[in-house]
Amino acid sequence: MNTRLPRLAFAAAVLAVAGLAGAQERKADAADAQPAQMPAWEQLTPAQRDLLVAPMRERWDANPGERARMYRHAERWRAMTPEQRARAQRGLGHWEHMDPSRQREMRALFEKMRGMSKEQRNALREQWRAMSAAERRAWVEANPPKDAH
């Protein structure tokens, strides 16, 4: 099973919900000058709610082993400030447009940094920035990400 599809579906659901929340605050184009009129969650019809939640439900049901992680991520998302959420959405957009080889590098780097102290992470970041492309490829081969194919 392609694991990117459920992730993208989840990301789309999160962005759709976040987009609905932000839609009331955004103004339409200058030519349209009408603010977006999207109802509060409680005012959505059951069909509208189901449309928004269906991708998450499918991902939840298809991945029983991932449910605890998914729940923790949802709790973290809810605890974020609007600025933190916006930064996360920008990061997701950046990630989705990243070349697959670059994604693999970033995944390997992230996994390596996960257990490090702040000082160790900063040192590795500086080391990474000083590496040539060939050195980075060699480093990734020596420290492959868990989901390496």
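All values derive from a computational prediction rather than experimental measurement.

Rules used in this analysis
- Residues numbered from 1 in each chain as written.
- Predicted model: local features only at pLDDT ≥ 70, side-chain atom pairs only at ≥ 80, totals over all residues.
- Heavy atoms only, no water.
- Core = buried A, V, L, I, M, F, W, Y, C linked by side-chain atoms within 4.5 Å.
- Buried < 20%, exposed > 50% of the residue type's maximum accessible area, 1.4 Å probe, protein only.
- Helix = DSSP H or I, 4+ residues; strand = E, 2+ residues; numbered from the N terminus.
- Contact = heavy atoms within 4.5 Å.
- Expected span 1.5 Å × (residues − 1).
- Bend = angle between axes of the 7 residues up to and from the residue.
- Salt bridge = Lys/Arg side-chain N within 4 Å of Asp/Glu carboxyl O.
- 1 Å grid on protein atoms, 1.4 Å probe; cavity = no way out; pocket = protein on both sides within 12 Å on 5 of 7 lines; lining within 4 Å.
- Points joined across faces, edges and corners; volume = space filled by probe spheres on them.
- Nonpolar A, V, L, I, M, F, W, Y, C, P; charged D, E, K, R; others polar.
- Patch = residues over 30% accessible without salt bridge, like charges linked within 9 Å, V, L, I, M, F, W, Y side chains within 5 Å.
- Areas by Shrake-Rupley, 256 points an atom, 1.4 Å probe, with all protein chains shown as cover.
- Lys, Arg positive; Asp, Glu negative; His and termini not counted.
- Charge placed at Lys NZ, Arg CZ, Asp CG, Glu CD.

## Quick notes on the nonpolar core
Item 1. Ranked by size, the top nonpolar core spans 11 residues in total: Met98, Met106, Ala108, Leu109, Met113, Met116, Leu124, Trp128, Met131, Trp139 and Val140.
Item 2. Elements supplying a minimum of two residues to this core: helix H5 (100–113), helix H6 (118–130) and helix H7 (133–142).
Item 3. Looking at this core, the element that brings in the most residues is H5, giving 4 residues.
Item 4. Those residues within four positions of Met98 in sequence are excluded, and the remaining contacts are Gln103 and Met106.

## Focus on the environment of Ala108
Item 1. Topologically, Ala108 is positioned in helix H5.
Item 2. Taking the C-alpha atoms as reference, Ala108 lies 4.3 Å from Pro145; in sequence the two are 37 residues apart.
Item 3. Leave out the neighbours within four places in its chain, and Ala108 touches Trp139, Val140, Asn143, Pro144 and Pro145.

## Brief notes about helix H2 (residues 46–62)
Item 1. Look at H2: 23 Å from first C-alpha to last across 17 residues, which is about the 24 Å you get at 1.5 Å a residue.
Item 2. If you look at H2, its biggest bend is around 45°, right at Val53, and the proline Pro55 turns up within four residues after that.
Item 3. Within H2, the full set of buried residues consists of Leu52, Ala54 and Arg59.

## Some points on the pattern of salt bridges
Item 1. In total, this model carries 5 salt bridges according to the counting rule given.
Item 2. Put simply, Glu66 and Arg69 hold a salt bridge, and the shortest N to O gap is 2.4 Å.
Item 3. Overall, the relative accessible area of 32% leaves Glu66 in the partly exposed class.
Item 4. The exposure class assigned to Arg69 is partly exposed, which follows from its relative accessible area of 26%.
Item 5. In this structure, Glu126 engages Arg129 in a salt bridge whose closest nitrogen and oxygen atoms are separated by 2.9 Å. Here Glu126 and its partner Arg129 are both found in helix H6, 3 residues apart, which amounts to about one turn of the helix.

## Observations concerning the layout of surface pockets
Item 1. There is about 270 Å³ of room inside the second largest pocket.
Item 2. Of all the secondary structure elements, the ones that give two or more residues to the lining of the second largest pocket are H5 and H6.
Item 3. Per-class residue counts for the lining of the second largest pocket are 5 nonpolar, 1 polar and 4 charged.

## Description of a positive patch on the surface
Item 1. On the surface, Arg72, Arg76, Arg114 and Lys146 cluster together to form a positively charged patch.
Item 2. Structurally, the position occupied by Lys146 is in the segment after H7.
Item 3. Accessibility expressed as a relative area gives 73% for Lys146, which makes it exposed.

Function cannot be read off these values alone, since they describe shape.
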